[in-house]
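# Descriptive analysis of the structure
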Amino acid sequence: MAYSKITTNKRGVLQAKIQAYGLDPATGKSKLYVKTIHNIDGLSEAKFKKYVTKAEIEFEESIKLTGKTSALDGVVSDGVLTFTQLVKEWKATVLQNLSKSYYSRICDTEGKFTEFLVEHHLADKPISAITVRHVQLFLNSFCSGERTATNLAKLKNPLPDSINFREMIREKIINANSLYRLKHLEGGVNISTAKNICKYCHIKFDDYFEQIFKVREYSAETIKGHRRILRTIFNEAVRYEWITKNPVCKTKVGASTSSCNISLKPIEEKEVFSLTEVKQFLKLLDELPEDLIYRRVTLKFMVLTGVRTAELHGLRWSDFDFDKRIVHIRRNRLATDGFGIYEKDPKSRTSKRDIPLPAELLDDLRKYMDWFRLADDEFDSKLDEYYFSVNIFREPEVKSSTGQWLAKFEKKHGLKRVSPHGLRHTYCSILLAQNVPIQTVSKYLGHSDSTITLEVYSHFIPDTQERVTDALSNLLNS
């Protein structure tokens, strides 16, 4: 079993030393393997602990692989280890021990980095040929924006006067709205439609149309995510002694030298409802017709419990305890490309929690249960089979549908645009604004450490400065 110890170096930066025993493939005897992880991305202590826990699992599993006759499934005997070969073996370990969403992120990073290696003629070279400069150029490529083609085309030259546009509409080559947008608003139409126009009018696509491209910009946190994955992959190569230094460790993301983790930036007031706004939001939900009860109750539930969206979709009716007036958060329900919809444990160990339910919400929940009973007389004996968040057919809700419906609802009623996760922020800010202790709020949010709650939401605690100055004034005047 792997053992780790977290300390700080001379500069006060967190680091972890992981130790584990395994077989030495050369001698067949037990050997102590050691790996050091440095918090070069400036993660908070709580996040760094979670990162180290994952690294322990990867380290222990990779040590088991060294006990095999070939450390990398035949790669050692070839004398050349490529990035593709290394990541293939590592991904198999990740899929077995870690989350599917993390595996998908690895595949995304692998695909982008492999494309970069092919472009620079490094894909079939040993990983020792990949330098710090290569990795830095890869990371820098995200900052310049990624130009990607869309399935739309727009006019670059006016269409010939001889074209009969009404006839094209009658023949359903294009509809009137799309044609107006194309001619007068310089908008785009589907490429297949543009090609049908060219075929119908006997003109060349390249003479009159051009494909529309869009530039995708990446946030610093997204780039850091790719960097973390690459660093972990190359750490495996260091452990296998194919390289002596990890080229990713000397790279930088952005110009800032700050050690703060931007994923823990304070929540802005525009991202949450104020107390007045949330009262209006709840009032408008209560005015929804009964056939939208599945929307009304789930959104009220989110703002009155602060659950994450994945936790909401993982809830079953068996998780509710009406006698104790609590709900048990026990699982996430997620959808990931390549794996479809699946369940997993909540985000962290402390995310498994019990949240109290206000009396007014309990009344709504009972009415919501009656709505389920209308479709199934045996509903009460099948509580574990029914999900809480469903569509009108009582089928499990798709994650994106909640956000899309909420956005339309807010726009229709002139409300501030607050996302489903913003409802979680609203829950926290309202509790703090009413002087609920930070430790209690952190517990119900499922944060692994109350310092996370304080770092993100401290500005919602009322009159902090005034209370400090009053306390000092009392001391000086006593």
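Attention here is on the structure that accompanies the text. Given the structure is predicted, the values throughout are model-derived calculations rather than measurements.

What counts and what doesn't
Residues numbered from 1 in each chain as written. Predicted model: local features only at pLDDT ≥ 70, side-chain atom pairs only at ≥ 80, totals over all residues. Heavy atoms only, no water. Salt bridge = Lys/Arg side-chain N within 4 Å of Asp/Glu carboxyl O. Buried < 20%, exposed > 50% of the residue type's maximum accessible area, 1.4 Å probe, protein only. Helix = DSSP H or I, 4+ residues; strand = E, 2+ residues; numbered from the N terminus. Arc of directions from axis to C-beta. Patch = residues over 30% accessible without salt bridge, like charges linked within 9 Å, V, L, I, M, F, W, Y side chains within 5 Å. Areas by Shrake-Rupley, 256 points an atom, 1.4 Å probe, with all protein chains shown as cover. Lys, Arg positive; Asp, Glu negative; His and termini not counted. Charge placed at Lys NZ, Arg CZ, Asp CG, Glu CD. Core = buried A, V, L, I, M, F, W, Y, C linked by side-chain atoms within 4.5 Å. Contact = heavy atoms within 4.5 Å. Pairing = 2+ DSSP bridges.

## Quick word on the pattern of salt bridges
Using the criterion set out here, one finds 24 salt bridges in the structure. The shortest N-O distance in the salt bridge between K382 and D376 comes to 3.3 Å. A relative accessible area of 12% means that D376 is categorised as buried. Residues joined in a network through salt bridges with shared partners are K35, E236 and R239.

## Here's the deal with helix α8 (residues 191-201)
Those residues of α8 that sit buried are I191, T193, A194, I197, C198 and C201. All buried residues of α8 lie within an arc of 165° about the axis, which places them on one face of the element. Taken from the residues just after α8, H202 is the one with a positive phi, measuring 60°.

## Here's the deal with a positive patch on the surface
Together, K50, K54, R105 and K347 line one region of the surface with positive charge. Note that K347 resides in the loop between β10 (340-344) and β11 (353-356). Taking relative accessible area as the criterion, K347 reaches 52% and is therefore assigned exposed.

## Comments concerning the nonpolar core
Among the nonpolar cores identified, the biggest contains 55 residues, and F281, F301, W317, Y368 and F388 are the most heavily contacted of them. Listing elements by their share of this core, those giving two or more residues are α11 (275-286), α12 (293-305), β8 (326-329), α14 (359-373), α15 (399-412), α16 (420-433), α17 (438-445) and α18 (450-457). Ignoring sequence-local partners within four residues, the contact set of Y368 consists of I293, Y294, V297, T298, W317, F388 and V390. With 30 residues, the next largest nonpolar core counts Y102, F113, L117 and F142 among its residues.

## Quick word on a nonpolar patch on the surface
Residues Y21, L32 and V34 make up a contiguous nonpolar surface patch of about 310 Å² in total accessible area. The class for L32 is partly exposed, based on a relative accessible area of 36%.

## Comments concerning the sheet that holds β11
Taken together, 3 strands build an open sheet; the order of strands is β7-β8-β11 and the sheet is antiparallel. Each edge of the sheet is formed by a strand with only one pairing partner; in this case those strands are β7 (320-321) and β11. Two strands pair when backbone bridges link them, and β7 and β8 are joined in this way by 2 bridges, in the antiparallel orientation. Paired with D321 across the two strands is I326, which belongs to β8.

## Re the side chain of R295
Its location among the elements puts R295 in helix α12. For R295, the contacting residues outside a window of four places in its chain are E397, S401, T402 and W405.

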